[in-house]
Amino acid sequence: MKKKIYMATAVLAAVLLSGCAKESDVQRYAWPLATSSPEDTVTQLFSEKFAEEVDRLSDGKMKIQVYPNSTLGGDRELLESCKDGDIPFVVQNTAPQVTFMKDVAVFDIPCVFDSIEEVRNKVDDAKFYGLMEDVYKDAGYKLLGYADQRFRVMSTNKNITSLSDFKGQKIRTMENPYHMAFWKSLKANPTPMTFSEVYIGLQQGTIDAQENPYEVIVSSRLYEQQEYVVETNHLPHLISLIVSDEFFEGLSKKEQNVITEASEIAKKYAREQSDTRIAEKIKVIEESGTKIVPMSEELRQEVRDASKGVTEEICHSVSKDIVDAYLEQ
């Protein structure tokens with residue numbers, strides 16, 4: 001009920017904004033921007049910086065209010081509301097978007113990149129980014145950029161030193177078919193679970209392991225229930241900033257330019273924060289007694305080989321042009 005009230009408030013704000021006071025040309029209500037992530041994450045910093053820059057670049061004439069932590073709904077609800085224009089702006093991980101835009105699954109191809117710099121160069125590449133812009137536009141959104149929380153890693157109570165160590169591990173994943181297929185290819189037992197249940201699941205032994213970026217592992221204190229964090233770095237954890245395409249097209253050219261410029265500044269800031277904060281997150285984990293385990297190049301190649309079927313499945317589902325542009329060196 002609380003979420004419905006918040007949603008109604010956000011919708012009302014968006015409607016009232018369309019009739020901003022013309023005499024002052026200043027919004028009386030802020031456009032909502034929603035996320036499903038906790039406050040102490042790069043997702044929140046990305047969102048807040050974007051709102052701050054929109055305010056600054058518009059000389060206070062354009063206002064955005066950030067609603068974090070699923071206040072206005074979960075990932076699916078936010079995507080639906082964004083498309084309708086009820087919640088104009090959404091910042092979220094790309095994984096839940098696959099249900100709405102099958103080509104976004106290109107980011108689920110496992111073990112493609114060895115460094116986060118390679119990931120960022122790729123998603124910023126004009127050719128690749130242009131193709132992804134078209135994907136979002138066809139679905140009713142405008143893509144404003146990708147920040148990241150670096151790579152997703154695995155936390156577990158079993159040290160992973162060989163491919164056979166993955167076997168049988170009950171690992172929590174998001175409800176993304178390719179994520180589940182990846183862990184199955186390693187003979188693990190992927191278990192979709194609402195994120196709010198993960199800590200208790202680890203504590204009670206319902207699951208043995210989970211996978212997330214360092215940011216999430218620390219902000220939700222998941223490391224408290226795990227003996228190891230294994231740097232599988234199997235997928236980049238990309239964070240997209242999107243806006244309803246219909247809403248964006250309804251803005252003046254000047255307002256659109258403010259939104260575009262603000263998103264670029266916020267993206268760079270979020271990436272800087274991601275890099276700065278990771279050492280801090282690792283330190284928190286290590287000081288708790290949980291061990292950080294780098295994955296050897298040999299094991300990483302074995303993982304890549306074992307998950308070739310997942311890569312092939314994604315390549316058959318996603319536009320060839322997008323796959324080729326993503327995998328192009």
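Refer to the preceding data block for the structure.
Residues numbered from 1 in each chain as written. Predicted model: local features only at pLDDT ≥ 70, side-chain atom pairs only at ≥ 80, totals over all residues. Heavy atoms only, no water.

Asker: What is the right way to look at unusual backbone geometry in this model?
Answerer: It is generally the case that most residues other than glycine have a negative phi and that most peptide bonds are trans. You will see that Cys-111, though not glycine, has its phi angle at about 55°, which is positive. In this structure, Cys-111 sits in the loop between β3 (89-93) and α4 (116-124). Notably, Arg-221 is not glycine yet its phi reads approximately 60°, a positive angle. Within the fold, Arg-221 resides in the loop between α8 (214-219) and β8 (228-231). The exposure class of Arg-221 is partly exposed, given its relative accessible area of 43%. (Helix = DSSP H or I, 4+ residues; strand = E, 2+ residues; numbered from the N terminus. Buried < 20%, exposed > 50% of the residue type's maximum accessible area, 1.4 Å probe, protein only.)

Asker: Quick question: what am I supposed to make of helix α5 (residues 126-138) here?
Answerer: It helps to recall that an α-helix has 3.6 residues per turn; residues three or four apart then point in one direction. Compared with an ideal rise of 1.5 Å per residue, which puts 13 residues at 18 Å, α5 spans 18 Å between its outermost C-alpha atoms and is within 8% of the ideal. Phe-128, Tyr-129, Met-132, Val-135 and Tyr-136 are the residues of α5 that are buried. End-on, the buried residues of α5 take up no more than an arc of 110°, which puts them together on one face. Among the exposed residues of α5, those pointing more than 90 degrees away from its buried face are Ala-126 and Asp-138. Phi for Gly-140, located one or two positions after α5, is positive at around 105°. (Expected span 1.5 Å × (residues − 1). Arc of directions from axis to C-beta.)

Asker: What's the story with the environment of Asn-157 in this structure? I'm lost.
Answerer: Within the secondary structure, Asn-157 is located in the loop between β4 (141-156) and β5 (170-173). What makes Asn-157 partly exposed here is its relative accessible area of 37%. Along the backbone, Asn-157 and Val-229 are 72 residues apart, and their C-alpha atoms lie at a distance of 8.6 Å. With residues up to four places along the chain from it excluded, the contact list for Asn-157 reads Asp-208, Gln-225, Gln-226, Glu-227 and Tyr-228. Only 3.4 Å separates the side chain of Asn-157 from the side chain of Gln-226, close enough to count as a polar contact. Among the polar contacts made by the side chain of Asn-157, one reaches the main-chain amide nitrogen of Glu-227 at a distance of 3.0 Å. (Contact = heavy atoms within 4.5 Å. Polar contact = N/O pair within 3.5 Å; in protein donor to acceptor, adjacent residues only side chain to side chain.)

Asker: Whenever I open this one, the nonpolar core confuses me. Can you help?
Answerer: The tendency in soluble globular proteins is for nonpolar side chains to be buried side by side. If you look at the biggest cluster of nonpolar residues, it comprises 39 residues, and the most contacted ones within it are Val-106, Phe-107, Phe-128, Met-132, Tyr-136 and Tyr-146. Elements with a minimum of two residues in this core: α3 (75-84), α4, α5, β4, β9 (236-244), α12 (308-317) and α13 (320-327). Residues within four places of Met-132 in sequence aside, it is in contact with Asp-103, Val-104, Val-106, Phe-107, Leu-143, Tyr-146 and Ile-322. Ranked by size, the runner-up nonpolar core spans 25 residues in total, among them Met-62, Phe-89, Ala-147 and Val-243. (Core = buried A, V, L, I, M, F, W, Y, C linked by side-chain atoms within 4.5 Å.)

Asker: Is there a simple way to explain the packing of α4 against helix α10 (residues 253-287) in this structure?
Answerer: The geometry of a pair of packed helices is captured by two quantities: the angle between their axes and the separation between those axes. Between α4 and α10, whose axes approach to 13 Å, the crossing angle comes to 170°. When the axis of α4 is compared with that of α10, the two are roughly antiparallel. Mapping the contact onto sequence places Arg-120, Val-123 and Asp-124 in α4 and Lys-267, Arg-271, Ser-274 and Asp-275 in α10. The class makeup of the residues in the contact of α4 with α10 is one nonpolar, one polar and five charged. (Axes fitted to C-alpha atoms, helices over the stretch in contact; angles between N-to-C directions. Parallel < 35°, antiparallel > 145°, perpendicular 65-115°, else oblique. Nonpolar A, V, L, I, M, F, W, Y, C, P; charged D, E, K, R; others polar.)

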